[in-house]
Amino acid sequence: MIELTIGSLTADPDEPVHLDARRFNRHTFWCGQSGSGKTYALGVVLEQLLLHTELPMLILDPNADFVRLAETREGAPVEHADRISRSDIRVFRSGHQGEGDRLYARYLDLSPAAKAAVLQIDPIADAEEYNVLLHWSVQATEFDTDRMLQGFRDSGDPARVRLANRMENLQVLEWDLWSRGAHSVVDVIDERPRATVLDLGGFDHPAEPKVAALAVLEHLWAERESRRPILIVIDEAHNLCSPEPRTAVERALTEQLVQIAAEGRKFGLWLFLSTQRPTKIHPNVLSQCDNLGLMRVNAPRDIAELAEVFGFVGEDDIRRAQAFAQGQALFAGGFIVQPTFVQMGARLTEEAGGDVVVPLRA
């Protein structure tokens, strides 16, 4: 067994607690309310996976909490710092924030259904426009927005003209997400770096982070037969996997995650979902999780939901989460021998996020 040391027993600080790295070939659910230390503790586990496995990770990061994953803290053990610094960790920033590589995707790489969702086209109500989109073909390297719109309008085809007007009116083609013929982040993911961090929080349009996630998840699903394993870490997963998706893009994204949750395990597509409340995650995804990491949760409805879904944990054990101090967690499922109460260990790398402190009077 490859052991990942993630902390110590709450009842015995001298007794280390380990997770079985091999059992991350199952879907994992990570839960804790705001202030529980959830994101910090998630970093502890990801660092251990970097140190002790060769499992590639894709991290969908809405708050830029993991953009410094390659930077070790002062005082970290030298051998750990060296190993992490030598790891192939790629960070892609969204919108106009931060330095480094920009997060781009190609609209042309999306499936026809995803393209239609972005443009709010219904295949029945907008049948002619959808049909144009379905048969539209252009090379990514030749893609030019103005020329494409003009070509649609010059065609004399009413459906093409309507499609051009829709694209322009929605201003979708002006999004910062689009590569406009350049590289896409899916090209990098195909190389399987040890970790690929996608900072989703800097886009101007609220749909852009969801479309970015949809682009990479669709691609991974399309390439599933290659059976190249990857751990898909989704922080604040309620933003991408709602039980009640409202828009066409949200529905397409949720459907893709449901499909990966149900069928992705045998292809090496393993989810690691982190959120504040289980009731904010689609039940068809939550029910597929075999590993549980639970930090402080107070709401009785959430406690009841967790007890019902994760039947391999005693309800009394789950209820103890209401009294957890910051950094305390319950681990249960396939990656640990038995349900165990843990005080999480210290981070090795820099945490980019964190609470804003209250300014005090001198």
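Being a predicted model, the structure only gives us computed values, none of them experimental. (Residues numbered from 1 in each chain as written. Predicted model: local features only at pLDDT ≥ 70, side-chain atom pairs only at ≥ 80, totals over all residues. Heavy atoms only, no water.)

1. Quick word on the nonpolar core
What counts here: Here, nonpolar core means buried Ala, Val, Leu, Ile, Met, Phe, Trp, Tyr and Cys residues that are tied together by side-chain atoms lying within 4.5 Å of each other. Think of it in three bands: with a 1.4 Å probe and only protein chains considered, a residue is buried below 20% of the maximum accessible area for its type, exposed above 50%, and partly exposed in between. Elements are defined by DSSP. Helices are runs of H or I of four residues or more, strands are runs of E of two residues or more, and each kind is numbered from the N terminus. Contact definition: two residues touch when any of their heavy atoms are within 4.5 Å.
Ranked by size, the top nonpolar core spans 84 residues in total, and within it Phe29 and Met167 carry the most contacts. The element contributing the most residues to this core is helix H8 (residues 208-222), with nine residues. Residues within four places of Met167 in sequence aside, it is in contact with Leu119, Leu133, Trp136, Met148, Leu149, Phe152, Val172 and Leu173. Counting residues in hydrophobic clusters, the runner-up holds 39 residues, among them Ile6, Val44, Ala76 and Ala329.

2. Examining the pairing of strand S2 (residues 12-20)
Here is the rule: When DSSP finds two or more bridges between a pair of strands, those strands are recorded as paired.
Relative to S2, strand S1 (residues 3-9) runs antiparallel, the two sharing six bridges. Residue pairing in the sheet places Glu3 in a bridge with Asp20 of S2. Between the antiparallel neighbours S1 and S2 lie two residues.

3. Re helix H11 (residues 300-309)
Stated formally: By definition, the arc is the one covered by directions from the helix axis to the C-beta atoms.
All of the buried residues in H11 are Asp302, Ile303, Leu306 and Ala307. Buried residues of H11, seen end-on, are gathered within an arc of 135° and therefore sit on one face of the element. Away from its buried face by more than 90 degrees, H11 exposes Pro300, Arg301 and Glu308. In this fold, the buried residues of H11 make contact with strand S3 (27-31), strand S10 (289-294) and helix H12 (315-319).

4. Some remarks on the environment of Leu173
You can see Leu173 is positioned in the loop between helix H6 (158-170) and helix H7 (185-189). Residue Leu173 is classed as buried on the basis of its relative accessible area, which comes to 9%. Put simply, Leu173 and Thr145 are 28 residues apart on the chain and 7.1 Å apart in space, counted from C-alpha to C-alpha.

5. Considerations on the sheet that holds S10
Picture the strands of a sheet paired through backbone hydrogen bonds; they go either parallel or antiparallel. Pairing is mixed across the open sheet formed by 12 strands, whose spatial order is S2-S1-S12-S11-S10-S3-S9-S8-S4-S7-S5-S6. Bordering the open sheet on either side are S2 and strand S6 (101-102), each of which pairs with just one other strand.

6. With respect to the pattern of salt bridges
As a reminder of what qualifies: For this analysis, a salt bridge means a side-chain nitrogen from Lys or Arg found within 4 Å of a carboxyl oxygen belonging to Asp or Glu.
Applying the stated criterion across every chain yields a total of 21 salt bridges. Arg162 is the partner of Glu129 in a salt bridge, and the nearest nitrogen-oxygen pair spans 3.6 Å. Placement of Glu129 in helix H4 (residues 127-135) and of Arg162 in helix H6 is noted, with a sequence separation of 33 residues between them. A cluster of three or more residues bridged by salt bridges with shared partners is formed by Asp126, Glu128, Glu129, Arg162 and Arg166.

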